[in-house]
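Residues per chain, in single letters:
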Amino acid sequence: QGHRGGKHGATAQLLLTISLDWRVKLWDLSLLALPPAPAQAAATSAKAATPKPRPSGLLFELVNPSYDYVADVQWSPTHPAVLACVTSSNTLYVWNLLASVTEPVDTVLVGTAADTDADADAGVAVACTHLEWSASGKAVYVSNSLGCVYSVALRDSAVAASPSDDAKFDSLVTQKSRSAQNEV
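Presented here is a report on the structure given in the accompanying data block. (Residues numbered from 1 in each chain as written. Predicted model: local features only at pLDDT ≥ 70, side-chain atom pairs only at ≥ 80, totals over all residues. Heavy atoms only, no water.)

**With respect to the overall build of the chain**
Threshold: Helix and strand definitions follow DSSP, with helices as H or I runs of at least four residues and strands as E runs of at least two, each counted in order from the N terminus. Exposure categories follow from relative accessible area, calculated using a 1.4 Å probe and restricted to protein chains: below 20% of the type maximum is buried, above 50% is exposed, and the middle band is partly exposed. Should any heavy atoms of two residues lie within 4.5 Å, those residues are considered in contact. Accessible surface is estimated by sampling points in the Shrake-Rupley manner with a 1.4 Å probe; for residues, cover comes only from the protein chains shown.
Within the chain, the secondary structure is distributed over four helices and ten strands. Its helices and strands taken in sequence order, the chain reads β-β-α-β-β-β-β-β-α-β-β-β-α-α from the N to the C terminus. Counting over 184 residues, the chain shows a buried share of 39%. Within the chain, counting contacts between residues at least 6 apart in sequence, those at least 24 apart form 53% of the total. When the accessible surface of the chain is summed, it comes to about 9,900 Å², and 56% of that surface belongs to carbon and sulfur atoms.

Put into structure tokens, the structure is as follows:
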């Protein structure tokens, strides 16, 4: 899903993806290589034997510290560089890309001991399945495989935005996009 945190010049083409391999990736869609049209491909193949490499579009790869699969990721509605993800280990990670792309700024274990006990009794593993930000960006609602929903209040220091964050994030994305283009 693209960024929904406001109007950001450089970030209008961003996409967040998750996978079962414990990673969250941030892509610049404007850099992704699209296959040429059939007529163009034929003309190109006649002119050159080797196609020119294209940038992958990958800007950041955030590795979940617990190495559990990531079930959902969402951008903050109020901060351009903050995102949250939930994992199969019932953990909520909050990332601020302006602070670090290697460590989350907040980590919260979601759920109760009763959930874990009910799981063990039923022989079923409980996992976080979805998250949704509150409109204020100060809390996240997390659901799990038992159908429970939790409201998680986040630390202001992890999610508070300053007036300069839009410009800082645009600059960071522009820098990473240029770097990705030059790697080819």
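Moving on from the coordinates now.
**Here we look at the pattern of salt bridges**
For clarity, the threshold we go by: By definition, a salt bridge exists where a carboxyl oxygen of Asp or Glu is found within 4 Å of a side-chain nitrogen of Lys or Arg.
Summed over the entire model, instances satisfying the criterion amount to four salt bridges. With a closest N to O distance of 2.1 Å, Arg-23 and Asp-21 form a salt bridge. Classification of Arg-23 by relative accessible area gives partly exposed; the value is 24%. Here Asp-21 falls in the partly exposed class, since its relative accessible area comes to 25%. A single salt-bridge network, built from bridges that share partners, covers Asp-21, Arg-23, Lys-25 and Glu-61.

**Brief notes about the sheet that holds strand β4 (residues 70–75)**
To summarise the sheet geometry, strands pair through backbone hydrogen bonds and adopt either a parallel or an antiparallel arrangement. To keep it simple, the criterion reads: Two strands make a pair as long as DSSP finds a minimum of two bridges between them. Between N-to-C directions, angles cover 0 to 180 degrees, with each direction set by a line fitted to C-alpha atoms, over the stretch in contact for helices.
With antiparallel pairing, four strands are arranged side by side in an open sheet as β4-β5-β6-β7. If you trace the sheet from one side to the other, it starts and ends with β4 and β7 (106–109), each paired once. Put simply, the sheet's adjacent strands are angled 15° from each other on average, direction ignored. In terms of strand pairing, strand β6 (residues 91–96) meets β7 through four bridges, oriented antiparallel. Bridge pairing in β7 links Thr-91 to Leu-109.

**Re unusual backbone geometry**
Positive phi outside glycine occurs at Trp-22, with the angle close to 65°. Its place among the elements puts Trp-22 in the loop between β1 (14–18) and β2 (23–28). Trp-22 gets classed as partly exposed once you look at its relative accessible area, which sits at 34%. The residue Asn-90 is not glycine, and still its phi comes out positive at about 65°. Counting through the fold element by element, Asn-90 comes out in the loop between β5 (82–87) and β6. In this structure Asn-90 comes out as buried when scored by relative accessible area, which is 14%.

**Observations concerning the sheet that holds strand β3 (residues 58–63)**
With antiparallel pairing, three strands are arranged side by side in an open sheet as β1-β2-β3. Two strands in the sheet have a free side with no partner beyond their single neighbour: β1 and β3. The sheet shows a mean angle of 15° between the axes of neighbouring strands, taken without regard to direction. Examined bridge by bridge, β2 and β3 share five bridges and lie antiparallel to one another. Pairing of Trp-27 across the sheet is with Leu-58, part of β3. Those strands touched by helix α4 (residues 165–182) are β1, β2 and β3, and its axis lies near 110° from that of β3.

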